[in-house]
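Structural characterization, general
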Amino acid sequence: MPDFTAAAQRARVRVPLHFPDGYRADAELVTFHGLADGQEHVAVVLGAPAPGTTPLVRLHSECLTGDVFGSARCDCGPQLREAVERIAERGGVLLYLRQEGRGIGLYNKLDAYALQDQGLDTYAANAALGLPEDDRDYTAAAQMLTALGIGELDLLSNNPDKADQLRALGIEVRDRVPTGVFATPDNVRYLRAKVLQTQHTLPLGDLAALDAG
């Protein structure tokens, strides 16, 4: 049985999505009552899985700098864009979670950026500020999925912790599907740190070659 209290759908509204590269998708945005952390997380429902197939789901943590402003210091914006298209093609849900900076908040994230400019990696910068390396808890995500009637899924993510937490919360993660690799000279050190520190499934050799270049 799930180890959390039930949440309920609050409202559903159709929102057509239009990305800067011209890609469009029809989505339904779902809001909720009773989420454990009290945050205004949103489910973005895209397409419908074929009968007998498992929905594709992404847990996407909010990133103002990457998602909105197109920051090249992370890969969040490209991951969001990719996820919408892949989920719309197969049918599933993107959970947009209000967990800026791996849960530490926007101002703290920008303070960590300043320390990264002095040579610290993304995790060491958080630690230097007295903050957790990753403060995200996915209980609300499990509540949202349960309220949507999703108990089994394929998870679109390079992060094993997301799958581990969902499984511990009673959600059956059948498969973890890796995202694309969106490496640039501005974010390669950030991506390499995710591989080395938190075992993200990214090709370390390719990242090392880009970093050396």
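The helix and strand tally for the protein stands at 8 helices and 7 strands. Going through the 213 residues of the protein one by one, you find that 47% of them count as buried. The long-range share in the protein, meaning contacts at least 24 apart out of those at least 6 apart in sequence, stands at 61%. Per element, the accessible surface of the protein, about 10300 Å² overall, is 52% carbon and sulfur.

Time to look at the pairing of strand β7 (residues 172-177). Where strand β6 (residues 152-156) lies against β7, 5 bridges are found, and the strand directions are parallel. Along β7, the bridge assignment pairs leucine 156 with valine 177. After leaving β6, the chain enters helix α6 (residues 160-168) and then returns to the sheet as β7, a path that is right-handed.

Counted according to the given criterion, the structure contains 1 aromatic pair. Between phenylalanine 19 and tyrosine 23, the ring centres sit 6.2 Å apart and the planes meet at 40°, which makes this aromatic pair tilted. The same class applies to phenylalanine 19 as to tyrosine 23, namely buried. When the ring centre of tyrosine 113 is taken as reference, the NZ or CZ atom of arginine 73 above it lies at 4.2 Å.

With that out of the way, let us pick up the sheet that holds strand β2 (residues 24-33). One open sheet holds the 7 strands; their spatial order is β1-β2-β3-β5-β4-β6-β7, and the pairing between them is mixed. Each edge of the open sheet carries a strand with a single partner, namely β1 (8-18) and β7. Within the sheet, the average angular offset between the axes of one strand and its neighbour, ignoring direction, is 30°. Relative to β2, β1 runs antiparallel, the two being bridged by 10 bridges. Directly across from alanine 8, in β2, lies its bridge partner histidine 33. Against the sheet, helix α2 (residues 76-90) makes contact with β1, β2, β3 (42-46), β4 (56-61), β5 (92-97), β6 and β7, and its axis sits at roughly 160° relative to β4, the strand it touches most. Of the strands in this sheet, β1, β2, β3, β4, β5 and β6 are in contact with helix α5 (residues 139-147), which crosses β5 at around 145°.

Before going further, it helps to spend a moment on α2. Taking 1.5 Å of rise per residue, 15 residues should cover 21 Å, and α2 covers 21 Å from first to last C-alpha, within 8% of that figure. Once α2 ends, the next one or two residues include glycine 91, with phi positive near 100°.

Despite not being glycine, arginine 102 shows a phi value in the positive range, around 55°. Take arginine 102: it is sitting in the loop between β5 and α3 (106-116).

Grouped together as the largest cluster of nonpolar side chains are 27 residues, with contacts concentrated most on Ala43, Leu59, Leu95, Leu145, Leu153 and Leu166. Looking at this core element by element, the count peaks at 5 residues for α5. Once residues lying within four places of it in the same chain are set aside, the contact partners of leucine 166 are Leu59, Tyr138, Ala142, Leu145, Leu155, Ile171 and Val173. The next biggest cluster of nonpolar side chains, apart from the first, holds 16 residues, and it includes Phe19, Ala83, Leu156 and Val177.

Let us now look at the side chain of asparagine 159. With respect to the helices and strands, the residue asparagine 159 is situated in the loop between β6 and α6. Of the polar contacts made by the side chain of asparagine 159, one reaches the backbone nitrogen of aspartate 161; its length is 3.0 Å.

Inspection of the entire model under this criterion finds 11 salt bridges. As a salt-bridge pair, glutamate 28 and arginine 12 come within 2.8 Å of each other at their nearest N and O atoms. Pair noted here: glutamate 28 is in strand β2 and arginine 12 is in strand β1, with a separation of 16 residues, a long-range link. Here glutamate 28 falls in the partly exposed class, since its relative accessible area comes to 30%. Two residues, arginine 81 and glutamate 85, come together in a salt bridge whose shortest N-O distance is 2.8 Å. With a gap of 4 residues between them, arginine 81 and glutamate 85 both fall in helix α2, about one helical turn apart. Taking the relative accessible area as the measure of exposure, arginine 81 reaches 18% and is therefore buried. Using a relative accessible area of 26% as the deciding quantity, one classes glutamate 85 as partly exposed. Here the salt bridges do not stand alone but share partners, grouping Asp21, Arg81 and Glu85 into one network.

Each value, and the rule that gives it
Residues numbered from 1 in each chain as written. Predicted model: local features only at pLDDT ≥ 70, side-chain atom pairs only at ≥ 80, totals over all residues. Heavy atoms only, no water. Helix = DSSP H or I, 4+ residues; strand = E, 2+ residues; numbered from the N terminus. Buried < 20%, exposed > 50% of the residue type's maximum accessible area, 1.4 Å probe, protein only. Contact = heavy atoms within 4.5 Å. Areas by Shrake-Rupley, 256 points an atom, 1.4 Å probe, with all protein chains shown as cover. Pairing = 2+ DSSP bridges. Right-handed = clockwise from strand over helix to strand, strands pointing away. Phe/Tyr/Trp six-rings, centres within 6.5 Å; stacked < 30°, edge-to-face > 60°. Lys NZ or Arg CZ within 6 Å of the ring centre and 35° of its normal. Axes fitted to C-alpha atoms, helices over the stretch in contact; angles between N-to-C directions. Expected span 1.5 Å × (residues − 1). Core = buried A, V, L, I, M, F, W, Y, C linked by side-chain atoms within 4.5 Å. Polar contact = N/O pair within 3.5 Å; in protein donor to acceptor, adjacent residues only side chain to side chain. Salt bridge = Lys/Arg side-chain N within 4 Å of Asp/Glu carboxyl O.

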